[in-house]
Amino acid sequence: MDILKQISENLRGGNDKKVLEFTKLAIEQKIPPKDILDDGLIAGMDTVGKLFKAHEIFLPDVLLAAKAMYSGMDELKPILIREGIPTIGKVVIGTIQGDLHDIGKNLVGIMLKGAGFEVIDLGNDVSPEKFVERAKKENAKVIGMSALLTTTMQGMRKVIDLLNERGLSGEIKTIIGGAPVSEEFAREIGADAYGYDAASAVDRVKKLTREK
Amino acid sequence: MREIIHCSIKDIKPDVDIILKSQGVFTPPEPPEKINALLDMSMDLFGKLSIPMGIISEISISEFEVVYSGEGQNEKNTPVNEIFRRADNLALFTATLGEGISREINELFKLNEFALGCMLDSVASEGIEKVAEIAQNHFSEYLSKSGQTTPSTRIMRYSPGYCGWHISGQKKLFEFLHPEDIAISLTDSFLMQPLKSVSGVMIAGPKEIHHFEDNFPFCSKCSGHTCRERIKSLR
Ligand code: B1M
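The following refers to the structure shown. Note that the structure is predicted; figures quoted are calculated from it, not measured.

### Quick notes on the overall build of chain A
Part 1 of the argument: Along its length, chain A carries 9 helices and 5 strands.
Part 2 of the argument: Counting from the amino terminus, chain A carries its helices and strands in the arrangement α-α-α-α-β-α-β-α-β-α-β-α-β-α.
Part 3 of the argument: Taken over the C-alpha trace, chain A has a radius of gyration of 18 Å; the compact-globule value for 212 residues is 17 Å, and the two agree within 12%.
Part 4 of the argument: Judged by the C-alpha coordinates and their principal axes, chain A covers about 50 × 35 × 25 Å.
Part 5 of the argument: The buried share among the 212 residues of chain A stands at 55%.
Part 6 of the argument: The long-range fraction of contacts in chain A, counting pairs at least 24 apart against all pairs at least 6 apart in sequence, stands at 71%.
Part 7 of the argument: In the form shown here, chain A has an accessible surface area of approximately 9700 Å², with 49% of it arising from carbon and sulfur atoms.
Part 8 of the argument: Between the mean site of the 30 positive side-chain charges and the mean site of the 32 negative ones, chain A shows a separation of 2 Å.

Below is the structure:
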């Protein structure tokens, strides 16, 4: 089996040590780093995402696979940076101000990284100013907001209003998610996208970054 | 009556089925080996790192009226607003697992140990519910020992953040309860620290008072409607 296939298959099984070993081997064998990333690591994570959507594997399996992906990614990242190979985009994520529920947001961040995005996680209880300022500073393409409390989901609107006020809404797109949030609410507050779960968040963010 | 409750880990053992369900694992009769291993490790960490504690403090209806009014941000009509006025007894409560477990969960995520971090989070979320249940049992025992219950008395817990009771309500609640005694504090956004903490009021009274329809204006925004299950459980 070729090395890239070994990477993606081991990643699927959550075997982080093997993923690291084969990533190192691929680097040694001078396989282009972009191919290792796309056809090994991201391809593996893509399969994992599909299996999860089809209910063939469980959330812990996805998270073990994500750890395996990151072990390969940590090895590859310095080379990608050195060779000036950009990520597919930067996303700033966080749980909205007044809310502490961070597990859903963490899962979205993990899956976005797994799809090749650079993710800047601001944690929970994040103010609208912090979202906007950090996204601007990092030149992020997307802001992702999570809310689990119905009392705080209105805070998402403030981020979008602030982007509009500062004339940044064309440059920085927004995606929202979390149990009380819906497609309809996203439309109502002017968010560019809504993610039902982590997998759909990845699809939507990919679409948002392609649209630009 | 005001009591600080120290729980032992064996009394708050989280329910495995609930944890697996929250992880989306539905595999009768046994989950896969890898998942079982994660569960065992999480249970172990939970036992080592949790310092489960709670406070309950009885409060009169008129005092609670002030607590409930909070920062003036509640919805106009709410279930709690109707229920507490018909109660026989009320007690405020808060419960926590301490800082250590939340720190460990964050650390695990930082170390890319996502599966273990996520499993431990589920275990801890289920564990903190158990601490709140123990606090409720204490209140129930206190009421029955002091002859304040009848066969139809039922106790339910209600918390800020749910059903139109704004989360900022935790400010007044804590001014009354003094949770600093068990090292819980509130952030400027009215969130409890440590993260694995819960708060609210326990309302005791005839079971009918706990019945309400889920047709308040804010119910349409609620995805869970768990109030239905709670009301059903009142036997
Ligand atoms: C950027 O784009 C995107 C795209 C998709 C996105 C996205 C962003 N973000 C999420 N998604 C989507 O993808 C994710 C993966 O599929 C999904 O994310 P979710 O976050 O939905 O799903 C997670 C993977 C798993 N789900 C969760 O982790 C949340 C589960 C429930 C049970 C929950 C938990 C676990 C907790 N809680 Co809290 N908690 C509840 C929750 C009830 C529920 N069933 O939702 C909820 C949210 N809590 C509630 C409350 C009120 C509270 N909680 C509190 C505490 C806690 C725990 C600490 C016990 C724990 C926190 C865990 C944590 N680290 O986040 C309290 C505050 C504590 C504090 N420190 O101040 C307190 C305020 C109660 C209190 N006063 O004690 C309720 C809110 C009520 C409301 N309608 O607003 C609640 C709905 C419970 C209920 N049964 O009603 C999707 O929504």
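On we go.
### Quick look at the pattern of salt bridges
Residue and element names in this part refer to chain B.
Part 1 of the argument: Taken as a whole and assessed by the stated rule, the structure comprises 23 salt bridges over all chains.
Part 2 of the argument: Arg 2 is the salt-bridge partner of Asp 181, the closest N and O atoms lying 2.9 Å from each other. Highlighted residues: Asp 181 in the loop between α7 (169–177) and β5 (185–186) and Arg 2 in strand β1 (residues 2–6), separated in sequence by 179 residues.
Part 3 of the argument: By relative accessible area, which is 45% here, Asp 181 ends up partly exposed.
Part 4 of the argument: Accessibility expressed as a relative area gives 38% for Arg 2, which makes it partly exposed.
Part 5 of the argument: The closest approach of N and O atoms between Arg 85 and Glu 65, which form a salt bridge, is 2.8 Å. Note that Arg 85 is positioned in the loop between α4 (79–83) and β3 (89–96) and Glu 65 in helix α3 (residues 61–69), a separation of 20 residues in sequence.
Part 6 of the argument: For Glu 65, a relative accessible area of 38% puts it in the partly exposed group.
Part 7 of the argument: Here the residues in one salt-bridge network are Glu 71, Lys 171, Lys 172 and Glu 175, joined through shared partners.

### Some thoughts on the sheet that holds strand β2 (residues 53–59) of chain B
Residues and elements named next belong to chain B.
Part 1 of the argument: Taken together, 5 strands build an open sheet; the order of strands is β1-β2-β3-β7-β4 and the sheet is antiparallel. A strand with exactly one partner marks an edge of an open sheet, and here the two such strands are β1 and β4 (153–158). Strand after strand, the sheet turns through a mean of 20 degrees between neighbouring axes, direction not considered.
Part 2 of the argument: Relative to β3, β2 is paired through 7 bridges, and the arrangement is antiparallel. Its bridge partner lying in β3, Ser 57 is registered against Leu 92.

### Section: the sheet that holds strand β3 (residues 142–146) of chain A
Hydrogen bonds between backbone groups are what pair the strands of a sheet, and the pairing can be parallel or antiparallel.
All names here are of chain A.
Part 1 of the argument: The 5 strands lie next to each other as β2-β1-β3-β4-β5, forming an open sheet whose pairing is parallel. Bordering the open sheet on either side are β2 (118–121) and β5 (193–195), each of which pairs with just one other strand. Each strand of the sheet is rotated relative to its neighbour by a mean of 25 degrees, with strand direction disregarded.
Part 2 of the argument: Contacting β1 (90–95), β2 and β3, helix α5 (residues 103–114) runs over the sheet at an angle of about 170 degrees to β1.
Part 3 of the argument: Where helix α7 (residues 155–165) meets the sheet, its contacts fall on β3 and β4 (173–177), and the angle it forms with β3 comes to roughly 160 degrees.

About the cut-offs
Residues numbered from 1 in each chain as written. Chains lettered and ligands numbered in written order. Predicted model: local features only at pLDDT ≥ 70, side-chain atom pairs only at ≥ 80, totals over all residues. Heavy atoms only, no water. Helix = DSSP H or I, 4+ residues; strand = E, 2+ residues; numbered from the N terminus. Rg over C-alpha atoms; globule rule 2.2 N^0.38 Å. Buried < 20%, exposed > 50% of the residue type's maximum accessible area, 1.4 Å probe, protein only. Contact = heavy atoms within 4.5 Å. Areas by Shrake-Rupley, 256 points an atom, 1.4 Å probe, with all protein chains shown as cover. Lys, Arg positive; Asp, Glu negative; His and termini not counted. Charge placed at Lys NZ, Arg CZ, Asp CG, Glu CD. Salt bridge = Lys/Arg side-chain N within 4 Å of Asp/Glu carboxyl O. Pairing = 2+ DSSP bridges. Axes fitted to C-alpha atoms, helices over the stretch in contact; angles between N-to-C directions.

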